[in-house]
Amino acid sequence: MTETSPLPSLPRLGQVAPSFEAETTHGRLALEDFRGSWVVLFSHPADFTPVCTTEFVAFARIAPALKERGVELLGLSIDSIYAHLAWTKRIEELFGTRIPFPVIADGDRRVATLYGMIMPEQSGTETSRCVFVIDPTGVVRAMIYYPLTTGRNIDEILRLIDALQTTDKHKVATPADWRPGDKVIVPAPRTIEDADARAKGGYDYTDFWYCQTGIKG
């Protein structure tokens, strides 16, 4: 019988994100330091690799837009702090892009293990391309995983933040490919009376279970 590696444990959506404290390129930081802000915690396979370099440049590009939304970026790989520093400085030299966010040096794989970032079937020595969105209360709100060979769509991460923040503010849902300014989905009714009232609710009405509306702000 062929033995298989145990699956990594993963945080669950709606669960408080696992706490940690670690060395980063901005000094020693704890997840608790970011309480009150949204956090995008992402892992990359390794420093000085081409796909990861393109991602870091792209993350740096959206960092100001995320900051405007109250979002902090936090990178991670199992490389050393010295490798992180050398690589980010090299990115600045070669691509004219300064990396403004901290990068965790997770040499003992403690944080990567907490978040299920290592997929043994892909690589036992590199973290996968994982993204965790953590809200200001410390709860995991979204997770995205990419294989080692595929760079992330960084604009989708910004769109996801916009969708989550819109959902929280207006108590709505967002349809496929939603962008700020598009119509949103009205939550489904919970009673017969609510369902009957939908047609007269002033919504863009398709059926009692499918209603859209515009929002402002």
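Only a predicted model underlies this, so the values are computations on that prediction, with no experimental measurement involved.

1. Considering the packing of aromatic side chains
Working step 1: Counted under the stated rule, the structure contains 10 aromatic pairs.
Working step 2: Their ring planes at 80 degrees and their centres at 6.0 Å tell us that tryptophan 209 and tyrosine 210 sit as a pair that is edge-to-face.
Working step 3: Classification of tryptophan 209 by relative accessible area gives exposed; the value is 51%.
Working step 4: Residue class for tyrosine 210 comes out partly exposed when judged on its relative accessible area of 31%.
Working step 5: What links up through ring pairs into an aromatic cluster is the set Phe42, Phe56, Phe59, Trp87 and Phe101.

2. So, the UniProt feature "binding site: substrate" (unreviewed entry) in the chain
Working step 1: UniProt annotation of "binding site: substrate" (unreviewed entry) refers to Arg129 when read in the numbering used here.
Working step 2: Along the polypeptide, arginine 129 turns up in strand β6 (residues 129-134).
Working step 3: Classification of arginine 129 as buried rests on a relative accessible area of 3%.
Working step 4: Apart from residues no more than four positions distant in its own chain, arginine 129 is found in contact with Ser43, Pro45, Val51, Cys52, Glu55, Ile144, Tyr145, Tyr146, Pro147, Leu148, Thr150 and Arg152.

3. Points about the domain arrangement of the chain
Working step 1: Domain parsing of the chain yields domain 1 (15-158) and domain 2 (171-216).
Working step 2: The C-alpha centroid of domain 2 is placed 35 Å from the C-alpha centroid of domain 1.

4. Focus on the packing of helix α1 (residues 50-68) against helix α2 (residues 81-95)
Working step 1: Running from N to C, α1 and α2 cross one another at 75 degrees; their axes reach a closest spacing of 11 Å. As far as their axial angle goes, α2 and α1 are roughly perpendicular. Only Trp87, Thr88, Ile91 and Phe95 of α2 make contact with α1, whose side of the interface consists of Cys52, Thr53, Phe56 and Val57.

5. A few points about the UniProt feature "active site" (unreviewed entry) in the chain
Working step 1: In the numbering used here, UniProt assigns the "active site" (unreviewed entry) feature to Cys52.
Working step 2: Within the secondary structure layout, cysteine 52 lies in helix α1.
Working step 3: Not counting residues up to four positions away in its chain, the partners in contact with cysteine 52 are His44, Pro45, Ala46, Trp87 and Arg129.

6. Quick word on the nonpolar core
Working step 1: Within the largest apolar cluster, 30 residues are counted, with the highest numbers of intra-cluster contacts made by Val40, Phe56, Phe59, Leu73, Phe101 and Val133.
Working step 2: For this core, the elements supplying multiple residues, two or more each, are β3 (38-43), α1, β4 (71-77), α2, β6, β7 (140-146) and α4 (154-170).
Working step 3: Residues within four places of valine 133 in sequence aside, it is in contact with Trp38, Val39, Val40, Val139, Val140, Arg141, Ala142, Leu160, Ile161 and Leu164.

7. Observations concerning the sheet that holds strand β8 (residues 184-185)
Working step 1: An order of β8-β10-β9 is seen for the three strands of this open sheet, with the pairing classed as antiparallel. Looking at strand neighbours, the two that pair on one side only are β8 and β9 (204-207), the edges of this open sheet.
Working step 2: With three bridges connecting them, β9 and strand β10 (residues 210-213) associate as antiparallel partners. Paired with aspartate 207 across the strands is tyrosine 210, a residue of β10.

8. Overview of α1
Working step 1: Its 19 residues place the ends of α1 29 Å apart at the C-alpha level, agreeing with the 27 Å of an ideal helix rising 1.5 Å per residue.
Working step 2: At isoleucine 62, α1 shows its maximal bend, which comes to roughly 40 degrees, and the proline proline 64 appears one to four places after that position.
Working step 3: Each element contacted by the buried residues of α1 is listed here: β3, β4, α2, β5 (103-105), β6 and α4.

9. Description of the packing of α1 against α4
Working step 1: The N-to-C vectors of α1 and α4 enclose an angle of 25 degrees; their axes lie 9 Å apart at closest approach. On the basis of the axis angle, α1 is roughly parallel to α4. In this structure, α1 crosses over α4, and the sense of that crossing is right-handed. Only Ile154, Asp155, Ile157, Leu158 and Ile161 of α4 make contact with α1, whose side of the interface consists of Glu55, Ala58, Phe59, Arg61, Ile62, Ala65 and Leu66.
Working step 2: When the residues that make up the contact of α1 with α4 are grouped by side-chain class, the tally is nine nonpolar, no polar and three charged.

10. Regarding the side chain of aspartate 79
Working step 1: When you line up the elements, aspartate 79 lands in the loop between β4 and α2.
Working step 2: Of note is the side chain of aspartate 79, whose polar atom sits 2.6 Å from the side chain of serine 77.
Working step 3: Filtering out sequence-adjacent residues up to four positions away, aspartate 79 remains in contact with His44, Pro45, Ala46, Asp47, His84, Ala105 and Asp106.

Rules behind the numbers
Per chain, residues are indexed from 1 in the order of the written sequence. Local features are withheld for residues below a pLDDT of 70 in this predicted model, meaning they are given only at 70 or higher, and side-chain atom pairs are given and counted only at 80 or more; totals for whole chains, interfaces and linings count all residues. Derived side-chain values reflect all non-hydrogen atoms in the structure, with water molecules and hydrogen atoms excluded from consideration. Pairing of aromatic rings covers Phe, Tyr and Trp, the last counted by its six-membered ring, and requires centre-to-centre distances within 6.5 Å; plane angles under 30 degrees mean stacked, over 60 mean edge-to-face, and any other angle means tilted. To sort residues, take the accessible area from a 1.4 Å probe on protein chains only and compare it with the maximum for the residue type: under 20% means buried, over 50% means exposed, and anything in between is partly exposed. UniProt positions are given in the numbering used here, feature names are shortened, and annotations may be inferred rather than shown by experiment. Strands are runs of DSSP state E lasting at least two residues, helices are runs of H or I lasting at least four, and both sets are numbered from the N terminus onward. Note on definitions: a residue-residue contact is assigned when non-hydrogen atoms from the two residues lie within 4.5 Å. Boundaries between domains were set according to an automatic or database domain assignment. Axis definition: a line fitted to C-alpha atoms, over the contacting stretch in the case of helices. Angles run 0 to 180 degrees between N-to-C directions. Roughly parallel refers to an angle under 35 degrees, roughly antiparallel to one over 145, roughly perpendicular to one between 65 and 115, and oblique to any angle outside these ranges. Buried Ala, Val, Leu, Ile, Met, Phe, Trp, Tyr and Cys residues that are joined via side-chain atoms within 4.5 Å together make up what is termed a nonpolar core. The pairing criterion is simple: DSSP has to find at least two bridges between the two strands. Any helix carries an expected span of 1.5 Å times its number of residues minus one. To obtain the bend at a residue, axes are fitted to the seven residues ending there and to the seven starting there, and the angle between these axes is taken. Crossing handedness follows the turn of the near helix against the far one: under a right angle anticlockwise gives a left-handed crossing, and clockwise gives a right-handed one. Gly falls in the polar group here, along with every residue not listed as nonpolar (Ala, Val, Leu, Ile, Met, Phe, Trp, Tyr, Cys, Pro) or charged (Asp, Glu, Lys, Arg). N or O atoms closer than or at 3.5 Å make up a polar contact, with two conditions inside protein: a donor-capable atom paired with an acceptor-capable one, and, for residues adjacent in sequence, both atoms drawn from side chains.

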